[in-house]
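Residues per chain, in single letters:
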Amino acid sequence: MSEHTDSPFPSDTVEVHLDTDSLVAAAAVRFVSVVVAAQAERGSAAVVLTGGGTGIALLEQVRKSPGDIDWSRVEVFWGDERFVPANDPERNDLQARQALLDHVPVDPARVHPVAASDGEYPDPVEAAAEYSATVHAYLAEHGAFDLHLLGMGGEGHVNSLFPHTDAVREEHELVVAVTNSPKPPPVRVTLTRPAIRRTRHVVLVVGGAGKAEAVAAAIGGADPADVPAAGATGIDSTTWLLDQEAASALR
């Protein structure tokens with residue numbers, strides 16, 4: 001991990017919070033802090049959003065307490081997307097818009113959703129290639145994302161990178177299609193570990209006793225092929241925000 005002594009955030013942090021509400025509140029504070037610091041330093045900020053109950057709850061919290069974020073200078077990406085029609089309620093894009101993006105003055109040109117299955121790229125491989133071009137173009141100009149939010153599944157998956165799959169083993173491409181996800185829906189588009197590693201601050205937000213063993217394994221240095229969250233590391237910082245249940249297996 002790179003050393004950046006001028007960063008206001010520690011390089012590796014595990015924070016344990018009492019319950020889901022305090023976990024979500026802490027994640028929202030971190031979101032605002034990273035975005036505001038990035039805008040102060042570089043003029044704009046790029047965030048990669050996650051879905052799931054906790055991920056959407058933290059976006060709702062950011063909507064309530066946005067601090068000093070200049071929404072006109074925020075670039076929005078997604079870590080993964082379910083490859084379903086545009087109006088499907090399972091789309092992370094749709095959920096994020098309902099929770100936050102439709103309620104703040106974000107520049108539509110700076111919001112970068114993954115193509116829907118009923119859109120211009122009905123083939124998930126083509127949709128992944130299109131999103132990869134978007135991601136490459138941004139990173140070529142700006143170097144890195146500023147914030148990548150991640151939830152985690154009980155088996156340790158992050159984005160749509162599941163244990164022992166081609167996607168989690170990918171070492172070069174930044175975006176790939178997943179056509180056999182063990183969690184429905186089976187077809188998805190996901191950023192890979194190389195893409196996660198092109199992020200200044202990676203924040204994993206995890207709650208629940210059912211995830212405790214995977215949390216302990218990931219923090220303990222498991223092989224990312226076995227526990228994908230173990231490979232989710234940022235350039236400047238990697239932060240685990242946990243509730244007490246998720247942290248219960250830590251030694």
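As the structure is a prediction and not an experimental result, all values here were calculated from the model. Throughout, residues of each chain are indexed from 1 in the direction in which the sequence is written. Residues qualify for local features only when their pLDDT is at least 70, as the model is predicted, and side-chain atom pairs are given and counted only at 80 or more; totals for whole chains, interfaces and linings, by contrast, use all residues. Side-chain figures throughout are based on the complete set of non-hydrogen atoms in the structure, without hydrogens or water.

Focus on the overall build of the protein
To be explicit about the condition: Elements are defined by DSSP. Helices are runs of H or I of four residues or more, strands are runs of E of two residues or more, and each kind is numbered from the N terminus. Radius of gyration here uses only the C-alpha atoms, and the compact-globule reference equals 2.2 Å multiplied by the residue count raised to the power 0.38. For every residue, the accessible area obtained with a 1.4 Å probe (protein chains only) is divided by the maximum for its type, and the residue is called buried under 20%, exposed over 50%, and partly exposed between those limits. Residues are treated as being in contact if the distance between any of their heavy atoms lies within 4.5 Å. Using a 1.4 Å probe, accessible areas were evaluated by the Shrake-Rupley method; residue-level cover was limited to the displayed protein chains. Two residue types count as positive, namely Lys and Arg, and two as negative, namely Asp and Glu; His and chain ends fall outside the count. By convention, the point assigned to a charge is CZ for Arg, NZ for Lys, CD for Glu and CG for Asp.
In terms of regular secondary structure, the protein is built from seven helices and nine strands. The C-alpha atoms of the protein give 17 Å as radius of gyration, which agrees with the globular expectation for 251 residues (18 Å, within 12%). Seen through its C-alpha atoms, the protein measures out along the principal axes to roughly 50 × 40 × 35 Å. Burial statistics for the protein: of 251 residues in total, 53% are counted as buried. Long-range pairs, those at least 24 residues apart, make up 75% of the contacts in the protein with a sequence separation of at least 6. Per element, the accessible surface of the protein, about 10,500 Å² overall, is 49% carbon and sulfur. Across the protein, the centroid of the 18 positively charged side chains sits 2 Å from that of the 36 negatively charged ones.

Focus on the pairing of strand β8 (residues 199–206)
Put simply, the test is: Any two strands with at least two DSSP bridges between them are considered paired.
Most of β8 is tucked away, with eight of its eight residues classed as buried. Where strand β5 (residues 145–150) meets β8, five bridges bridge the pair, whose relative direction is parallel. Bridging across to β8, Leu150 finds its partner in Leu204. Here β8 pairs with strand β9 (residues 237–243) via six bridges, running parallel. Note that in β9 the partner of Val202 across the bridge is Thr238.

Considering unusual backbone geometry
Here Pro184 and Pro185 are connected by a cis peptide whose omega angle stands at -5°. Relative to the helices and strands, Pro185 is located in the loop between β6 (175–178) and β7 (188–191). Positive phi outside glycine occurs at Asn159, with the angle close to 45°. Inspection of the secondary structure puts Asn159 in the loop between β5 and α5 (166–169). The residue His164 is not glycine, and still its phi comes out positive at about 60°. Following the sequence through the fold, His164 ends up in the loop between β5 and α5.

A look at the nonpolar core
The test is simple: Here, nonpolar core refers to any group of buried Ala, Val, Leu, Ile, Met, Phe, Trp, Tyr and Cys residues whose side-chain atoms link them within 4.5 Å.
Membership of the largest hydrophobic core comes to 51 residues, with the highest contact counts inside it found for Phe31, Leu49, Leu58, Leu59, Val76 and Phe145. In contact with Phe31, not counting residues within four places along its chain, are Val47, Leu49, Leu58, Leu59, Val62, Ile69, Trp71, Leu147 and Leu149. Core analysis: the second largest hydrophobic core is formed by 23 residues, Val158, Val178, Ala232 and Ala246 among them.

Concerning the side chain of Asp243
Heads up, the rule is: Whenever a carboxyl oxygen of Asp or Glu lies within 4 Å of a side-chain nitrogen of Lys or Arg, that contact is scored as a salt bridge.
The residue Asp243 is located in strand β9 in this model. No salt bridge forms around the buried Asp243; measuring N to O, its nearest opposite-charge neighbour Lys211 is 8.7 Å away. In this view, Asp243 contacts Val16, His17, Asp19, Thr20, Leu23, Val206, Gly207 and Gly208; residues no more than four positions away in its chain are not counted.

Let's talk about the packing of aromatic side chains
Test applied: Within 6.5 Å between ring centres, the rings of Phe, Tyr and Trp (the latter by its six-membered ring) count as paired, and their orientation is classed by plane angle as stacked under 30 degrees, edge-to-face over 60, tilted in between.
Per the stated rule, a full pass over the model turns up four aromatic pairs. Pairing Tyr138 with Phe145 gives two aromatic rings, centres 6.1 Å apart and planes at 5°, and the pair type is stacked. For Phe145, a relative accessible area of 0% translates into the label buried. Taken together, the aromatic side chains of Phe77, Tyr138 and Phe145 make up a single cluster linked through ring pairs.

Here's the deal with helix α3 (residues 92–99)
Put simply, the test is: The arc under discussion is defined with respect to the helix axis, by the directions toward the C-beta atoms.
Residues Asn92, Asp93, Gln95, Ala96 and Ala99 constitute the buried set of α3. Projected down its long axis, α3 carries its buried residues within an arc of 165°, all on one side. Against β2 (45–49), α2 (52–64), β3 (74–78) and β4 (80–82) lie the buried residues of α3.

Observations regarding the packing of α2 against α3
Where we set the bar: For helices, the fitted axis covers only the stretch in contact; all axes are lines through C-alpha atoms, and the angles between them, taken along N-to-C directions, range from 0 to 180 degrees. Oblique is the label for any angle not covered by the other classes, which are roughly parallel (under 35 degrees), roughly antiparallel (over 145) and roughly perpendicular (65 to 115). Here is the rule for handedness: rotate from the far helix to the near one, and if that takes an anticlockwise turn smaller than a right angle the crossing is left-handed, while a clockwise turn gives right-handed. Any residue that is not Ala, Val, Leu, Ile, Met, Phe, Trp, Tyr, Cys, Pro, Asp, Glu, Lys or Arg is counted as polar, Gly included; the first ten are nonpolar and the last four charged.
Direction vectors running N to C along α2 and α3 enclose 30°, while the axes themselves pass 8 Å from each other. By the criterion of interaxial angle, the relationship of α2 to α3 is roughly parallel. Classified by chirality, the crossing of α3 by α2 is right-handed. Listed contacts from α3 to Gly52, Ile56, Leu59, Glu60 and Arg63 of α2 are Asn92, Gln95, Ala96, Gln98 and Ala99. Class assignment for the residues of the contact of α2 with α3 results in four nonpolar, four polar and two charged.

Quick look at the layout of surface pockets
Gaps between atoms show up when a probe of the same size as a water molecule is rolled over them. Note the cut-off: The pocket and cavity definitions rest on a 1 Å grid over protein atoms only: a 1.4 Å probe that fits but cannot leave marks a cavity, an open set with protein on both sides within 12 Å along at least five of seven lines marks a pocket, and residues lining either have an atom within 4 Å of a point. Grid points are joined across faces, edges and corners, and a volume is the space filled by probe spheres set on the points.
Volume-wise, the largest pocket comes out at about 310 Å³. Around the largest pocket sit 21 residues that line it, and Thr50, Gly51, Gly52, Gly151 and His157 are the ones nearest its centre. The set of elements that each furnish at least two residues to the lining of the largest pocket consists of α2, β4 and β8. Considering each element in turn, the lining of the largest pocket owes the most residues, four residues, to α2. For the lining of the largest pocket, a count of residues per class yields four nonpolar, 12 polar and five charged.

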